[in-house]
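Architecture and fold: a report
So you can see what is in the structure, the chains are spelled out below.
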Amino acid sequence: MSSTTERIARRAHRSAAGLLLGALGVVVELPFLVLTAPALVIRRTRAWVLPATRRLAELERARIARFLGGETSDDYPDGRAWSYLAVRCGVGGLGAGIVALAVLGGVGGAIMVGQLLSGSPIGGGDQRFWYDPFTVVLGGTLLLFLVAQGSRGVAGLDRAVARRLLGPSAKDRLRRRVHELATTRAEVVEAVNTERRRIERDLHDGVQQSLVALGMLLGRARRASTPEQITELVRQAHEHSQQALHELREVTWRVYPMALETGGLGAALEALADRSTVPTTLTYELAERPDAATEVVAYFVVSEAVTNALKHSGCTRIEIDVTRNETIVVVRIVDDGVGGADPAGAGLSGLARRVAAADGVLTVASPPGGSTVVRAELPCA
């Protein structure tokens, strides 16, 4: 209970500080707007005014983010900053009124409380009335309510104005979305080509070499002259055929595991954990199967992260966590290796492109000498 009270108190203090700073900002912003309004008409002077206006708007953005908990984008034209400051001056004026009301109420309340404690009548005079204490309590409570609600309303209005005037317009959002889709499309093509090259390399360096060795053994067995040589060569050929089947099975698992199709993401990850050469724990907390596209991306995130950990980290333990937060599937892989994984490397960068193609976000934290944490957030219908 005390921690909750402390958290509420800290939030109230931050909001009060943000309200006070916003009210003080009007003292600078209003004269600036009045003096620079005529300069906006001329292009040459406008080029000087708008950068200064943007600096003031950035200070307001920082104040709102720090004290009022409202994040806004810095991707807005300089001309919109002047409009924002003009509207924000009105909001700041309301905040100044709330601050003045709180100060006057506090001073007046302190005077009245002092009069009550000294036995003097409220507001002066010669006679003290029985209803004076009730008047002070009722008036103080009402004033406190008005200040609290007014502060909350001004803070919300401050955030809304910044979000509306400094945020991207519908046209900007559409343009940005088109750019993101074009970038994602190129990344998907690159990821597919990278995957094809990897499959070709796995087949060439693994399965093909095993089959070549198998053919050579069978050729030697055909030319062998004694039953003992034939038996030994056939035994070696059988071992190579088993190895080739194992390598082919590994390649097909990396292309698309059948367990993902039949048993879902949980079954596929269990099989992946069982095949790991180090102890691997899986925590799977999805009550329902996500859509097929999300399952595929989530599986390959885990597969690539586990493969990288086994190859490069020197880890002795791997933990896999799959959870769901409303419409987001969160995949987290942690190993206790030496760290130092490069997010720009071929494996992780390709994985990031695959996640981005699904409108997801991939983050990699791998400090040298510490654990590597790979986290993917995937939207899920």
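Just above, that's the structure.
Structural notes, computed from the coordinates. Here the structure is a predicted model, which means the values were calculated and not measured. Within every chain, residues take consecutive numbers counted from 1 along the sequence as written. Where local features are concerned, this predicted model is filtered to residues with pLDDT of at least 70; where side-chain atom pairs are given and counted, the filter is 80 or more; whole-chain, interface and lining totals use all residues. Side-chain metrics in this entry use all non-hydrogen atoms of the structure; hydrogen atoms and water are not considered.

1. Section: the overall build of the protein
- Secondary structure elements follow DSSP: runs of H or I of four or more residues count as helices, runs of E of two or more count as strands, with numbering from the N terminus. When helices and strands are counted, the protein shows ten helices and five strands.
- Dimensions of the protein, computed from C-alpha atoms along their principal axes, come out at roughly 130 × 60 × 35 Å.
- Across the 381 residues that make up the protein, the buried fraction comes to 35%.
- Just so you have it, the protein exposes about 22700 Å², and 62% of that area is on carbon and sulfur atoms.
- Note that His is not counted, nor are the chain ends; the positive residues are Lys and Arg, and the negative ones are Asp and Glu. The atom standing in for a charge is NZ when the residue is Lys, CZ when it is Arg, CG when it is Asp and CD when it is Glu. Charge centroids of the protein, computed over 44 positive and 40 negative side chains, lie 8 Å from each other. Any residue under 20% of the maximum accessible area for its type is buried, any over 50% is exposed, and the rest in between are partly exposed; the area is computed with a 1.4 Å probe on protein chains only. Working definition of accessibility: Shrake-Rupley area with a 1.4 Å probe, residue cover restricted to the visible protein chains.

2. With respect to the pattern of salt bridges
- Should a side-chain nitrogen of Lys or Arg be within 4 Å of a carboxyl oxygen of Asp or Glu, the pair is scored as a salt bridge. Applying the stated criterion to the full structure yields 13 salt bridges.
- Put simply, Glu60 and Arg63 hold a salt bridge, and the shortest N to O gap is 2.7 Å. Remark: Arg63 and Glu60 occur in helix α2 (residues 43-68); sequence separation between them is three residues, near one turn of the helix. Like Glu60, the residue Arg63 is buried in the burial classification.
- Between Asp336 and Arg317 there is a salt bridge, and its shortest N-O distance comes to 3.6 Å. Taken together, the positions of Asp336 in the loop between β3 (328-335) and α10 (346-357) and Arg317 in the loop between α9 (292-313) and β2 (318-325) put the pair 19 residues apart, joining distant regions of the chain.
- For Arg317, a relative accessible area of 39% gives the class partly exposed.
- Each of Glu29, Glu60, Arg63, Arg88 and Asp158 takes part in one network of salt bridges that share partners.

3. Some details on the sheet that holds strand β5 (residues 372-379)
- Two strands qualify as a pair provided DSSP detects at least 2 bridges between them. Read from one edge of the open sheet, five strands run β1-β2-β3-β5-β4, paired in mixed fashion. The two strands at the open ends of the sheet, each matched to only one other strand, are β1 (280-284) and β4 (361-365). Going across the sheet, the axis of each strand differs from the next one's by a mean of 10°, ignoring polarity.
- As judged from the eight bridges shared by β2 and β3, these two strands associate in the antiparallel manner. Each residue of the ladder has a partner; that of Asn325, found in β3, is Ile328.
- On top of the sheet, helix α8 (residues 264-275) reaches β1 and β2; it is set at about 170° to β1, its chief contact. Comment: axis = line fitted to C-alpha atoms, over the contacting stretch for helices; angle = value between 0 and 180 degrees taken between N-to-C directions. Any two residues whose heavy atoms approach within 4.5 Å are treated as being in contact.

4. Points about the pairing of β1
- Strand direction decides the pairing type here: β1 and β2, joined by five bridges, are parallel. The partner of Thr283 across the bridge, within β2, is Asp321.
- With respect to chirality, the unit in which β1 leads through α9 into the neighbouring parallel β2 is left-handed. A right-handed crossover is one whose linking path, passing over the helix from the first strand to the second, runs clockwise when the strands point away from the viewer.

5. What about unusual backbone geometry?
- The residue Glu326 is not glycine, and still its phi comes out positive at about 60°.
- Mapped onto the elements, Glu326 comes out in the loop between β2 and β3.

6. Some words on the packing of aromatic side chains
- Side-chain rings of Phe, Tyr and Trp, where Trp is taken by its six-membered ring, are said to pair if the distance between their centres is within 6.5 Å; with planes under 30 degrees apart they count as stacked, over 60 as edge-to-face, and otherwise as tilted. Considering all chains together, one arrives at one aromatic pair under this definition.
- Pairing Tyr299 with Phe300 gives two aromatic rings, centres 5.4 Å apart and planes at 80°, and the pair type is edge-to-face.
- Judged by its relative accessible area of 9%, Phe300 falls in the buried class.
- Put simply, a charge is over a ring when the Lys NZ or the Arg CZ is close to the ring centre, within 6 Å, and near the line of the ring normal, within 35 degrees. Over the ring of Phe67 we find Arg66, and its NZ or CZ is 5.1 Å from the ring centre.
- The aromatic ring of Phe300 is capped on one face by Arg354, whose charged end is 4.5 Å from the ring centroid.

7. Considering the nonpolar core
- In this structure, Val301, Val331 and Ile333 are the most contacted members of the largest nonpolar core, which totals 33 residues.
- For this core, the elements supplying multiple residues, two or more each, are α7 (258-262), α8, α9, β2, β3, α10 and β5.
- In terms of residue count, the dominant contributor to this core is α9 (ten residues).
- Those residues in contact with Val301 that sit more than four places away from it in its chain are Val331, Ile333, Leu351, Val355, Leu362 and Ala376.
- Residue types Ala, Val, Leu, Ile, Met, Phe, Trp, Tyr and Cys, when buried and joined through side-chain atoms within 4.5 Å, form a set referred to as a nonpolar core. Leu19, Val49, Ala155 and Leu166 belong to the second largest nonpolar core, which has 24 residues in total.

8. Remarks on the side chain of Arg63
- Among the residues examined, Arg63 registers a relative accessible area of 7% and is labelled buried.
- When sequence neighbours within four positions are dropped, the list of residues in contact with Arg63 reads Gly18, Leu21, Gly22, Leu68, Arg88 and Asp158.

9. Digging into the packing of α8 against α9
- Packing of α8 against α9 brings their axes to within 10 Å, and their N-to-C directions diverge by 15°. Taken as axis vectors, α8 and α9 run roughly parallel relative to one another. Read as a crossing pair, α8 and α9 show a hand that is right-handed. Between α8, through Gly264, Leu265, Ala268, Leu269, Leu272 and Arg275, and α9, the contact on the second element is made entirely by Glu295, Ala298, Tyr299, Val302 and Ser303.
- Amino acid classes used here: Ala, Val, Leu, Ile, Met, Phe, Trp, Tyr, Cys and Pro are nonpolar; Asp, Glu, Lys and Arg are charged; the rest, including Gly, are polar. Along the lines of polarity and charge, the residues of the contact of α8 with α9 split into seven nonpolar, two polar and two charged. Should an angle fall under 35 degrees it is taken as roughly parallel, and over 145 as roughly antiparallel, whereas 65 to 115 is taken as roughly perpendicular and any remaining angle as oblique. Here a crossing is taken to be left-handed if its near helix is turned anticlockwise relative to the far helix by less than a right angle, and right-handed if that turn runs clockwise.

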